[in-house]
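# Report on the structure
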Amino acid sequence: KMAAAAAGSLRRAGWRLHLTLLASLSVLRCQLSVPQRALQASAVLRRVSDEQHKEPLASSSQQHFDSHPTDQQPEQEPQGPRPSSTGQGGQESEDYESEEQLQHRILTAALEFVPEHGWTAEAIAEGAKTLGLSAASAGMFRNDGSELILHFVSQCNTKLTELLEQEQKQVQLGEAEKKPLDQFLRDAVEARLRMLIPYIEKWPQALSVLLLPHNIPASLSLLTSMIDDIWHYAGDQSTDFNWYTRRAVLTGVYNTTELVMMQDSSPDFEDTWRFLENRVTDAMNMGNTANKVQSTGEALVQGLMGAAVTVSNAETRR
Amino acid sequence: GGINKPVIERIIRVDHAGEYGANRIYAGQMAVLGRSSVGPVIQQMWNQEKDHLKKFNDLMVAYRVRPTVLLPFWNVAGFVLGAGSALLGRKGAMACTVAVEESISDHYNSQIRTLVEEDPEKYKELLQVF
């Protein structure tokens, strides 16, 4: 029965692959008009009025995921709406904790209880209790554990960014060798997936919750910004369509590897890492095929243009 | 306060698309008129555009802005417009170029106004590019 439930979750998770591939190829961020993260809805509304932000709600939430200032500070708490890149907004006074900060603390505390209780209100209640709060605090959140899971994903993404930032510094200081691209991608994806290990039993459940319609904008947004981060630190500087193909491909690699990991019982998930290695190799080779297709296209166009020029020259000479 | 990221991103993305398109227009014109007497003139104008495009490529990477998803479309559309106008003869090519440059100029001017209205100091660096 458990196997069937897990399989069901995995099948739904498989849809995420299709969704992400589709989304990556469409105008992704523009069309995710308002990532309604239940956790932040009220806080965001408060912020928007505070800042007299001319931009509509959409872009204020949107910029939140694009908030990598050029001086590259590591993201601290990506889940809080961060209008900090537009100025004052949200300067909490020292002696007062916002509702949002409190919610973050509760959710972080709740993670400890996930292996036992799953991504549920029970886990949140236990977490609240360790902070000396009433178990009824779990009432602040939805019943399906959405916020808890999104909070966890966001935390993992932050940890990954910090790790990549640190590695980058080491390379810049000459303390470490710059990794070849395939190695870099493999290590980044592995590092991120390893963060799931303590929760792996309950992760299929989390995956299916992330696929619920009301969570998709938020979960997709977290996924795409994580993938964008990895490419950024990998040194991607594409300004053409490659920008999209690279991210779509890596998203595919990440998602398939994650699914494999759910069914992997080998020691230290060595099967998963081998799968990952093969997928990354495929991705590297894909680049070559794409180039060949492009050159054929260009050759065709040039042939047509040549024909047109010949005709027009013939015309002018008459 | 910090810079208004969504506005910057849109500006960079749109301008990059425009410069990219302009490059493709000149490429199309060169394909037709490259060997005529007006070829060198077009080539020179194209070289200037290549410079502009490079500037926006750099900005795009620095501000981590994604390029427009319509690039493949601009690739073809620009080239066809350039080639098409050139097939009308050199006057057609020049008319096309003038029209494109004028509209780019208007467009940049209004973007400059937007940035300056908000805060000239914050956007000094970007304004210098314009």
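Keep in mind that this is a model prediction, so the values were computed, not measured.

## Structural notes on the overall build of chain A
- On a plain count of helices and strands, chain A comes out with 13 helices and zero strands.
- Reading chain A from its N end, one meets helices and strands in the order α-α-α-α-α-α-α-α-α-α-α-α-α.
- For chain A, with 318 residues in total, the buried portion stands at 46%.
- Here the analysis covers contacts within chain A between residues at least 6 apart in sequence; of these, 73% occur between residues at least 24 apart.
- For chain A, the accessible surface area stands at approximately 16,300 Å², while carbon and sulfur atoms represent 55% of it.

## Digging into unusual backbone geometry
Residue and element names in this part refer to chain A.
- In this structure, D268 takes a positive phi of about 50° despite not being glycine.
- Relative to the helices and strands, D268 resides in the loop between α12 (242–262) and α13 (270–317).
- Its identity is not glycine, yet F269 carries a phi of approximately 55°, on the positive side.
- Among the structural elements, F269 can be located in the loop between α12 and α13.

## Re the side chain of H151 of chain A
- Along the chain, the position of H151 of chain A falls in helix α8 (residues 146–172).
- One polar contact links H151 of chain A to T108 of chain A, side chain to side chain, over a distance of 2.9 Å.

## Looking at a nonpolar patch on the surface
- A grouping of L70, F73 and W74 of chain B is seen on the molecular surface, where their side chains present a nonpolar patch of about 300 Å² in accessible area.
- Looking at the element boundaries, L70 of chain B is found in the loop between α2 (39–62) and α3 (71–87).

## Overview of the UniProt feature "domain: Ubiquinone biosynthesis protein COQ9 HTH" (unreviewed entry) in chain A
- Taking the UniProt record as the reference, the feature "domain: Ubiquinone biosynthesis protein COQ9 HTH" (unreviewed entry) is found at residues 99–129 of chain A.
- As annotated, residues 99–129 of chain A has a helix share of 81% and a strand share of 0%, and its two end C-alpha atoms lie 17 Å apart.

## Here we look at the pattern of salt bridges
- Counting across every chain of the model gives 17 salt bridges over all chains.
- Close ionic contact of D187 of chain A with K179 of chain A constitutes a salt bridge, the shortest N to O distance being 2.7 Å.
- Residues D236 of chain A and R247 of chain A are paired through a salt bridge, measuring 2.9 Å at the closest nitrogen-oxygen approach. With D236 of chain A in the loop between α11 (216–234) and α12 and R247 of chain A in helix α12, this pair connects stretches of sequence that are 11 residues apart. R247 of chain A carries the same exposure label as D236 of chain A, and that label is buried.
- A single network of salt bridges, built from pairs that share partners, joins D228, D229, D236, R246 and R247 of chain A together with R64 of chain B.

## Structural notes on the domain arrangement of chain A
All names here are of chain A.
- Here chain A is partitioned into domain 1 (98–143) and domain 2 (145–301).
- Between the C-alpha centres of domain 1 and domain 2 there is a distance of 29 Å.
- Opposite the 16 residues of domain 1 that make contact, domain 2 presents 15 residues.
- Across the domain 1 to domain 2 interface the summed buried area is about 1,400 Å²; carbon plus sulfur atoms make up 67%.
- For the domain 1 face of the interface with domain 2, the top three residues by lost area are L111, W119 and R142, together amounting to 55%.
- The interface formed by domain 1 and domain 2 includes zero salt bridges.
- At the junction of domain 1 and domain 2, the tally comes to six residue pairs in polar contact (both at pLDDT 80 or more).
- Breaking the side of domain 1 that touches domain 2 down by element, the ones donating at least two residues are α5 (99–110), α6 (114–117) and α7 (121–130).
- Element by element, the count of residues in the side of domain 1 that touches domain 2 is highest for α5, at four residues.
- Here the residues of the side of domain 1 that touches domain 2 sort into nine nonpolar, five polar and two charged.

## Thoughts on α8 of chain A
- The terminal C-alpha atoms of α8 of chain A lie 39 Å apart, and with 27 residues this matches the ideal 39 Å at 1.5 Å per residue to within 8%.
- Two residues or fewer past α8 of chain A, G174 of chain A is found with a positive phi of approximately 80°.

Reading the values: the criteria
- Residues numbered from 1 in each chain as written.
- Chains lettered and ligands numbered in written order.
- Predicted model: local features only at pLDDT ≥ 70, side-chain atom pairs only at ≥ 80, totals over all residues.
- Heavy atoms only, no water.
- Helix = DSSP H or I, 4+ residues; strand = E, 2+ residues; numbered from the N terminus.
- Buried < 20%, exposed > 50% of the residue type's maximum accessible area, 1.4 Å probe, protein only.
- Contact = heavy atoms within 4.5 Å.
- Areas by Shrake-Rupley, 256 points an atom, 1.4 Å probe, with all protein chains shown as cover.
- Polar contact = N/O pair within 3.5 Å; in protein donor to acceptor, adjacent residues only side chain to side chain.
- Patch = residues over 30% accessible without salt bridge, like charges linked within 9 Å, V, L, I, M, F, W, Y side chains within 5 Å.
- Salt bridge = Lys/Arg side-chain N within 4 Å of Asp/Glu carboxyl O.
- UniProt positions renumbered as here; feature names shortened; annotations may be inferred.
- Domains from an automatic or database assignment.
- Buried area = accessible area lost by both parts, 1.4 Å probe.
- Nonpolar A, V, L, I, M, F, W, Y, C, P; charged D, E, K, R; others polar.
- Expected span 1.5 Å × (residues − 1).

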